[in-house]
Amino acid sequence: MQSPIWKQAVKAAADPVRVKHYLGQFANTPLAAEMAKASAAQARVLAALFSGSPAMSDLLLKRPEWFAISLNAELLAHPRQEQGLRREVNAWLQPALAGRDYSVAFARLRQFKQREMLRIAARDLARLGDSTEMTREISNVADVCLNAVLQVCLQQLTGRFGQPYHSDANERWQPTRFSVLGLGKLGGQELNYSSDVDVIFVYSDEGHLFKVKPRKGAPRDRGLSNHQFFKRLAEAFITEVAAQSPDGTLYRIDLRLRPEGDTGPLVRSLGSYENYYAQWGQTWERMMLIKARAVAGDAALAAEFMELVQPFRYPRSLGESVLREIAAMKARIETEVVKAGELDRNVKLGRGGIREIEFVAQTSQLLHAGRIPFLQGAQTLPTLQNLVRYKLLAAEEATALTAAYRFLRDVEHRVQMEHNLQTHTIPAAPAERERLAALMGFKHRTGFDQALQEHTRHVRHVYDQLLRAEAPETRPDFPRQFQGAEAEWNTILAARGFKDVAKSLRLLNQFTNGPGYVHVSPRTIELSWQLLARLLALCPTPAGASPTATLKAPILSDPDRVLARLDSFITAYGSRAMLFETWTHNPALFELLLWLFDRSEFLAESAIRTPDLVDELMLSGRLRRTKTATQTLDDLRHGRGDEDQRRWLRRYHQAEFMRIGLRDILGLADFEQNVAELTALADACLQYALETARRQHKLKTAPLVIIALGKLAGRELSYGSDLDIVFVADAKAKDLPRLQTLAAAVMDLLASHTELGVAYATDARLRPDGEKGMLVNTLPAYEDYYRQRAQLWEIQSLTRTRPVAGDLNLGDRFQKLAATLTNFQQPHLPLAAYTADWKKKICHMRGRIEQERTPAGQDALAIKTGAGGLMDAEFIAQALCLAHGWQEANTLRALERAGDVGALPNAKKLIANYRDLRRIEAILRRWSFEGETVLPDDPAPFYRVAVRCGFATSEAFRAAVTGYRRAIREAYVKVFAP
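Residues numbered from 1 in each chain as written. Predicted model: local features only at pLDDT ≥ 70, side-chain atom pairs only at ≥ 80, totals over all residues. Heavy atoms only, no water.

Participant: Give me the lowdown on the side chain of N346, citing residues and values where you can.
Facilitator: Looking at the element boundaries, N346 is found in the loop between α16 (322-337) and α17 (354-368). For N346, the side chain forms a polar contact with the main-chain nitrogen of L349, separated by 2.8 Å. Leave out the neighbours within four places in its chain, and N346 touches V338, H424 and T425. (Helix = DSSP H or I, 4+ residues; strand = E, 2+ residues; numbered from the N terminus. Polar contact = N/O pair within 3.5 Å; in protein donor to acceptor, adjacent residues only side chain to side chain. Contact = heavy atoms within 4.5 Å.)

Participant: Now, about the environment of G497: what can you tell me, with residues and values included?
Facilitator: By secondary structure assignment, the location of G497 is in the loop between α22 (486-495) and α23 (501-513). Separated by 250 residues in the primary sequence, G497 and M747 have C-alpha atoms spaced 45 Å apart.

Participant: Break down the pairing of strand β10 (residues 723-729) for me, with residues and values.
Facilitator: Across the seven residues that make up β10, a large majority, seven, are buried. With five bridges joining them, strand β9 (residues 704-709) and β10 adopt antiparallel strand pairing. If you follow A708 over to β10, its bridge partner there is I725. When β10 meets strand β11 (residues 762-763), the two strands line up parallel, connected through two bridges. Bridging from a neighbouring strand, L723 pairs with T762 of β11. This β-α-β element, β10 to helix α34 (residues 736-751) to β11, shows right-handed connectivity. Where β10 and strand β12 (residues 776-778) come together, three bridges link them in parallel fashion. Bridged to A729 within β12 is T778. (Buried < 20%, exposed > 50% of the residue type's maximum accessible area, 1.4 Å probe, protein only. Pairing = 2+ DSSP bridges. Right-handed = clockwise from strand over helix to strand, strands pointing away.)

Participant: I'd like to hear about unusual backbone geometry, residue by residue, with values.
Facilitator: A cis amide bond, omega 10°, links L829 with the succeeding residue P830. Locating P830 in the fold gives a position in the loop between α37 (808-821) and α38 (838-853). A positive phi angle is found at Q189, which is not glycine, with a value near 55°. Within the element layout of this structure, Q189 appears in the loop between α11 (184-187) and β4 (197-203).

Below you can see the structure in the form of structure tokens.
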């Protein structure tokens, strides 16, 4: 090998001495003749291999037959694709599986891996591809090998124990699937030469093994369980992947990224992963799952897993602490993982290293990819380019990070190929560093050092901008113990709005240290102090407020009650450690509960009875959904098969009421949207109750229509509102007694008392003749009554009607009748209730309500019936509808319509004040679920209502309410003036 080609190749090599050494080694082998005939391109490849990888050079000495297969210069010019690798392996793997020749299969697989790594190293060192191309090829080889190992292990175990099955929702047995998911660099298809492979194992469902496919109803408790089987499968897989043999090893395998790390189960079902990540998932696990990818086993199951973790790894929003947490994570790596003196030489974990580039990409994905799906992806460099596309990273910064990433990965590869070791540290010895510089294409070490410094400086600069700029979390301004600090705590609690300081101090001590009869871990105690800081931050501040000020940010109105409710909730939940972990990693969930306990007594009681309900609503994303009556009815119909329909209705109603209430408390729905959703829920429940009663009475179609009146008709329901309804049948209805039974069944389904309470109180007293009249009557009977015997207030009530369930064609005819009867612009006589002074009579009626229903001496507190109360605005709207012949059941829309046509002077002022006063009524109802029409007269609860309504002081709240009512009464007087 003294040809000019080889002389030139040796001269151009990064390490001519080492090349000559290996040429000498090959001189007495069968390859010598072939190497002597090598082309210039092939000589350069071999010289590069000999210079950069003693381990691969020794492998070629051991396996000279691979020279022609792996080091053909023409083949090396291009990367091999995964499909080609799989075809090659399957060509000999399938016959081996058919012949149960497992030992041969494993031996050939290890040889395949070694040969492919030789080929990739030669391409890499000869600069026939960039670092991204090399990591992709290495990852493709790993995928093919891992999938082949799983095939062999699965056939071995199923042949011995049988096939795993699970029962589906129809109690039919289905094959249980299994998948291996890659994480880290394997998941991102960015493997190194000496990378561990990070994996987790998932199977589809719990079940059992059977030798033959079981039939429906087969016993479920025979043989191995699915969990036991898949645990054995995973153990066999791990053993074969990591096994040492004369043919080499496949991969070191790392399982520490699975839930609960080394202490967690080796395998989990899909449902188990869902529960873990929802309850326990941490920030680092979100980042880890960004790189999750199917590498072996059932692809459909892997896709289900990816869909399951999608909201967790790409959340719609994260707490403000996430950047601090990620920065602290990197700081711990620098201080605890990187060896002393290697911080500036570790290209992966050191300052300005590969991990910082990955953290920039993954942190940006955590923050934004839940809302921008195009940012989602497992690979680092494409993510950087997408960040530029959405203006989340400057183009020059992305360019610098990309160049640094490629450079540092090249360095990492070359230090690993030197001795085939898992290292990321640049050597300190001058001679070794000089050789590394040559392998990187630099003539002198100084050029390499300058390039390294420049790249790491750029990386650190971008990293600091994103993460290090975060201010460190401040220490709380309260003592971290209770014993011996009682006096200081008493002062703090009193200043923060607590009234019963002694009781609250006891509950806080119990919150942090436990009730005394259970063991609380140091970790849980530490978390409790973090949560306590969040609780106190929401309490009133010691600083005084201006008597006219509104709150800039909401505060708790009753910290004592919130703390007591929190204690009850923790007791009901049971697992303090799990709960505190969940709250710490989902602080929004913790704060949501605090607001819930402060803003709604009846919802707080529901949450304590069903502790998982709030978690499920929050973590499932259902709080962000707006639901129509149609969507709600579709959900309700899933319970048609439930034997106890009253119980099903109440359970569903409670869950939906909680969802709607939480949306209200969090401000995810404004007031108008809130009442619309509450009305949609009532509409759906009425429709479902009628469907259920119809099935029970064996009726194919609805023989009547349910007409809504009042707030239900106007889609203005609030918390605890009754449902005002009447039942109308067609003139041809023959069996009215049977229809009375049907209507009574509908009301019973909604209003009867059970252990879960009622769904809705229903009120049918607005029907003709009230409680003395028939529950169901025909449309002609209704018309006759309204024309001949109805009083004026009954005609007035017809301004607010709407068909909600049953025969809607009949409902339309009722609406046309109501429109005729309530058109006082051109009254269609006969109509006994109509007189020319009808407006004066309505005004007189309103005066009687004001006088008789307002508690003596409490007019200033009576926001509904008192002067300028809500009823003033409602009477204005109804009178205007009568006067103009409008059919508009919604008070607000009726007022807006009057303003649009000039029928209501200063309409905008009235509407604004009516909206504000109606919101206060809703906040009162949200607290107690009762139809409260009077503000509390005791100063303490009055202040709490003021805070819930957004006012800093009772005085400011009182002044605002007085202003609202004055404006409403002024408008009322103008409309009803003689």
